[in-house]
Amino acid sequence: MRTKLHQSSVLLLHLLLSFFFFLVLFLRRSHAQPNTTGYGCLANRTGYPCQAYAFYRGSLATNYTDLASIGDLFGVSRLMIADPSNISSSAVSAPLVADQPLLVPLTCSCNPTSNGTNISYANITYTIRAGDTFYRVSTEPFENLTSYQSVEVVNPALVPTNLTIGVDVVFPIFCKCPNETQSGAGVKYLVSYVLQPGDNLSSVASRFGVQEQSIAGINGQDTKTTETLFVPVSKLPNLTQPIVTATAPAPAPSAKKERTGVIVGLAIGVGVLGALLILGILLWVHRESTSKKRGAGGLEGDGEKRKAYGEKRSSEMEVNLMADVTDCLDKYRVFGIDELKEATEGFSSKCLIQGSVYKGCVDGEVFAIKKMKWNAYEELKILQKVNHGNLVRLEGFCIDPEDASCYLIYEFVPSGSLHSWLHEAGHRGRLNWKTRLRIAIDVANGLQYIHEHTRPRVVHKDIKSSNILLDSNMRAKIANFGLAKSGCNAITMHIVGTQGYIAPEYLSDGVVSTRMDVFSFGVVLLELVSGREAMDEEGRVLWASAAGAFGGRSSEEIGKDERLRGWMDDGLAADTSCSVESVASVMSVAVSCLNRDPSRRPSMVDIVYALCKSDDIFDISEDGLSTDAQVVAR
């Protein structure tokens, strides 16, 4: 009897211990479950913001099958992904294979939310397209690096079931920054890694070359296939990439016969063109002869005919422009002329921003309204094909056939132009160095996008500080595509632009290429460093004096710091965050942009990479502003 009682007691004890074990395990796993709205953080903790990385897999199931498209998705350049991902320069433009491993750089910050909590994430802006939902974009393009619940929390003003095509949405990419203890233990980065079926702690640790205990210590949780792990690394892993081999095209058969056919075809073509030319000359002579015979009598009623022709021409142009933009009617809003007149008080001078751009409010939303004549088609054609956070966004258009005008309606960028912040008395000297560096990177990213990710490439042709606008967070957007050209390496006799920013080869020979934008960007960098105008009152250009001071033999180390300090804006002298080394690095980029030989200027890809190497950009506060600039911007 006593033995049975003892056995029962032991069994009961085992049951109690098992119950407590599973209770602890349940509580631990419940605690381990990541909040679907994100990972909490302390805003005042040192270490934020920081550079982090996301492990991303090249996917053939989506449109993100190359570095260019993935770079656009995360707002970084191809080289910024290729370098940490161990992808050679020869393979940067190659399509990705299925599940190709990539490391995408992130700027991780601790961000407040509307519900009073702080979430640790990288702020990535995505423009909604047809068929997009928060869930689809989170799980497909962003590969579960965020969650739709977190997107809802970060974008409280948006209705998930009623998303407008073209609206910008912040997708919070989960990330973390190492705390002081982790940094002291040698942890430099935390890599966001989404577990896949078949993954376990051991396989993840092996992939990144770290210990299982270090991953468990950072995450404090059991691994689950739906969770994001943060992998601590002292250096980035050396990812194994597929070998890309170029396949030589097969030799064309009967090359000699084809060459003979080409020659015969050219001969026939030249003969036909010659005949058409002679016929055209004969028709022109006949028309001129007939016109002279009509004499003065032919002028009777000419005014009415011209008026009628003008009305017909205006109507035709309206129809033509509407036909040109038919494909984007669902993308852009078509405004009514009465709406615009009411918004600008009849295009009153007090609503004028500058030039022919007015500020107007339609349905409670503020817009920048640009009044144009019928040459708006070229600008509209280019704006249809660009979509980037560092370019001023086109919201819609309006056609007014009565006065032969077209209006382009843009997002309103509230803080004005970079030119006013650098050169006007009320703002001069108010931008600190980190803000200026961030602006330079924003502009470089915008130019890289139009140079590298549009087909055919777009050349802006009028990059200058007055065409760089700053939003409420002092982030830069490139504006005014009125002179832009789709396609490059062309020759033109019609020279347009602003003195002080025009590339020498364009001014002398009319050569249009992306390198002319690079030259103009170099002048903007000089303005950011020196605070001086691109051209002074005596007509001397800034870039010429910079080339004399920092180019050639004068760029030797002797006296370099002194010359640089003499060049710097007085407002930067008292800026403790402004190091001479950082300014010197930017100046070296600027001088290389100003090379008289266009072929020796760097591409915008190289420029973005060079500017982003500065450690200063990861020390910028969340909005990128100095305290001084924040006060003025409000």
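Before reading further, recall that the structure is shown in the block above.
A brief look at the structure comes next. (Residues numbered from 1 in each chain as written. Predicted model: local features only at pLDDT ≥ 70, side-chain atom pairs only at ≥ 80, totals over all residues. Heavy atoms only, no water.)

**A few points about the overall build of the protein chain**
Note the cut-off: We count a stretch as a helix when DSSP gives it H or I for four or more residues in a row; a strand needs E for two or more, and each element gets its number in order from the N terminus. For every residue, the accessible area obtained with a 1.4 Å probe (protein chains only) is divided by the maximum for its type, and the residue is called buried under 20%, exposed over 50%, and partly exposed between those limits. Accessible areas in this description were obtained via Shrake-Rupley with a 1.4 Å probe; residue shielding takes into account the shown protein chains only.
Summing up its helical and strand segments, the protein chain has 22 helices and 18 strands in all. Counting every position in the protein chain, which comprises 634 residues, the buried fraction comes to 45%. Carbon and sulfur atoms make up 55% of the accessible area of the protein chain, which totals about 33400 Å².

**Topic: the pairing of strand β11 (residues 394–400)**
Counted only if it meets this: Strand pairing is assigned whenever DSSP identifies at least 2 bridges connecting the two strands.
By the criterion of burial, β11 is predominantly enclosed, with seven of the seven residues buried. Examined bridge by bridge, strand β7 (residues 333–334) and β11 share two bridges and lie parallel to one another. Opposite valine 334, over in β11, you have phenylalanine 397 as the bridge partner. Here β11 runs beside strand β12 (residues 405–411); their pairing, made up of six bridges, is antiparallel. Across the sheet, the residue bridging to isoleucine 399 is cysteine 406, located in β12.

**Examining the environment of lysine 477**
Inclusion rule: Throughout this description, a polar contact denotes any pair of N or O atoms lying within 3.5 Å of each other; where both atoms belong to protein, one of them has to be capable of donating a hydrogen while the other can accept it, and for residues adjacent in sequence the pair is counted only when both atoms sit in side chains.
As for its placement among the helices and strands, lysine 477 is situated in strand β15 (residues 476–478). Within the structure, the side chain of lysine 477 is placed 3.0 Å from the backbone oxygen of glycine 389, a separation counted as a polar contact.

**Examining the packing of helix α7 (residues 201–208) against helix α8 (residues 212–219)**
Let me state the cut-off plainly: To obtain an axis, a line is fitted to C-alpha atoms, over the contacting stretch when the element is a helix, and the angle between two such axes runs from 0 to 180 degrees between their N-to-C directions. Orientation labels follow simple angle bins: below 35 degrees gives roughly parallel, above 145 gives roughly antiparallel, 65 to 115 gives roughly perpendicular, and whatever is left gives oblique. Pairs of residues are marked as contacts when any of their non-hydrogen atoms sit within 4.5 Å. Note that Gly is not counted as nonpolar here; it falls among the polar residues with everything else outside the nonpolar set of Ala, Val, Leu, Ile, Met, Phe, Trp, Tyr, Cys and Pro and the charged set of Asp, Glu, Lys and Arg.
Two numbers describe how α7 lies on α8: the axes approach to 9 Å, and their chain directions differ by 110°. Taken together, the axes of α7 and α8 lie roughly perpendicular to each other. Only Glu212, Ile215 and Ala216 of α8 make contact with α7, whose side of the interface consists of Leu201, Ser202, Val204 and Ala205. Looking at side-chain class alone, the contact of α7 with α8 contains five nonpolar, one polar and one charged residues.

**Digging into the side chain of asparagine 467**
Within the secondary structure layout, asparagine 467 lies in the loop between β13 (458–459) and β14 (468–470). Within the local environment of asparagine 467, its side chain forms a polar contact with the side chain of asparagine 480, the two groups lying 3.5 Å apart. Among all residues touching asparagine 467, those that are not within four sequence positions of it are His460, Asp462, Lys477, Ile478, Ala479 and Asn480.

**A few points about the packing of aromatic side chains**
Under the convention used in this document: Two rings from Phe, Tyr or Trp (for Trp, the six-membered ring) form a pair when their centres are within 6.5 Å of each other. A pair whose planes differ by under 30 degrees is stacked, one over 60 is edge-to-face, and the rest are tilted. Both a distance and an angle decide whether a charge sits over a ring: NZ of Lys or CZ of Arg must be within 6 Å of the ring centre and within 35 degrees of the ring normal.
This structure, assessed with the given rule, holds 17 aromatic pairs. Relative to tyrosine 407, the ring of phenylalanine 347 has its centre 5.1 Å away and its plane inclined at 15°; by these criteria the two rings are stacked. Residue phenylalanine 347 is located in the loop between α11 (337–343) and β8 (352–354), and its partner tyrosine 407 is located in strand β12; the two are separated by 60 residues in the primary sequence. As far as the burial class goes, phenylalanine 347 and tyrosine 407 line up, both buried. By way of ring pairs, the aromatic residues Tyr56, Phe74, Tyr126, Phe134, Phe142 and Phe171 are connected into one cluster. Note that lysine 371 overlies the ring of phenylalanine 347, its terminal NZ or CZ placed 5.7 Å from the centroid. It is arginine 532 that lies over the ring of tryptophan 567; its NZ or CZ is 4.4 Å from the centre.

**Description of the sheet that holds strand β5 (residues 189–194)**
Pairing in this open sheet of six strands is mixed, and the strands run β4-β3-β2-β1-β5-β6 from one edge to the other. Edge strands, defined here as strands with exactly one partner in the open sheet, are β4 (168–174) and β6 (228–233). Ignoring strand direction, the axes of neighbouring strands in this sheet form an average angle of 40°. Bridge analysis of strand β1 (residues 50–57) against strand β2 (residues 101–112) gives eight bridges, and the strand direction is antiparallel. Residue pairing in the sheet places tyrosine 53 in a bridge with proline 105 of β2. Its contacts with the sheet put helix α2 (residues 67–74) on β1, β2, β3 (118–127) and β4, and the angle it makes with β2 is roughly 5°.

**Notes on the sheet that holds β8**
Spatially, six strands are ordered β7-β11-β12-β10-β9-β8 in an open sheet, and the strand pairing comes out mixed. Only two strands of the sheet have a single neighbouring strand rather than two, namely β7 and β8. The pairing of β8 with strand β9 (residues 357–362) spans two bridges and is antiparallel. Looking at β9, one finds that glutamine 354 is bridged to valine 357.

**Focus: unusual backbone geometry**
Going from arginine 455 to proline 456, the amide bond is cis rather than trans, its omega being -5°. For asparagine 86, which is not glycine, the phi dihedral falls at a positive 65°. By relative accessible area, asparagine 86 is classed as partly exposed at 39%. In this structure, methionine 474 is a non-glycine residue whose phi angle is positive, near 60°.

**Overview of helix α21 (residues 604–612)**
What counts is decided by this rule: Taken from the helix axis, the directions to the C-beta atoms give the arc we talk about.
Inspection of α21 places Met604, Val605, Ile607, Val608, Leu611 and Cys612 among the buried residues, and these make up the whole buried set. Projected down its long axis, α21 shows its buried positions confined to an angular sector of 165°, all on one face. Buried positions along α21 lie against α3 (78–82), α14 (433–452), α16 (514–530) and α20 (580–593).

**Quick word on the pattern of salt bridges**
Note the following rule: Every case where a carboxyl oxygen of Asp or Glu lies within 4 Å of a side-chain nitrogen of Lys or Arg is listed as a salt bridge.
This model, assessed by the stated rule, comprises 17 salt bridges. We note a salt bridge from lysine 477 to glutamate 411, for which the minimum N-O separation is 3.6 Å. Residue lysine 477 is located in strand β15, and its partner glutamate 411 is located in strand β12; the two are separated by 66 residues in the primary sequence. Under the relative-accessibility criterion, lysine 477 is labelled buried at 10%. Its relative accessible area of 12% is what places glutamate 411 among the buried residues. Two residues, glutamate 538 and arginine 540, come together in a salt bridge whose shortest N-O distance is 3.1 Å.

**So, the environment of arginine 457**
Position of arginine 457 relative to the elements: it lies in the loop between α14 and β13. A C-alpha to C-alpha distance of 8.5 Å links arginine 457 and lysine 485, two positions 28 residues apart in sequence. If near-sequence neighbours (up to four positions away) are discounted, arginine 457 is found in contact with Ile450, His451, Glu452, Lys485, Ser486, Gly487 and Thr514. A polar side-chain atom of arginine 457 sits 3.1 Å from the main-chain carbonyl oxygen of histidine 451.

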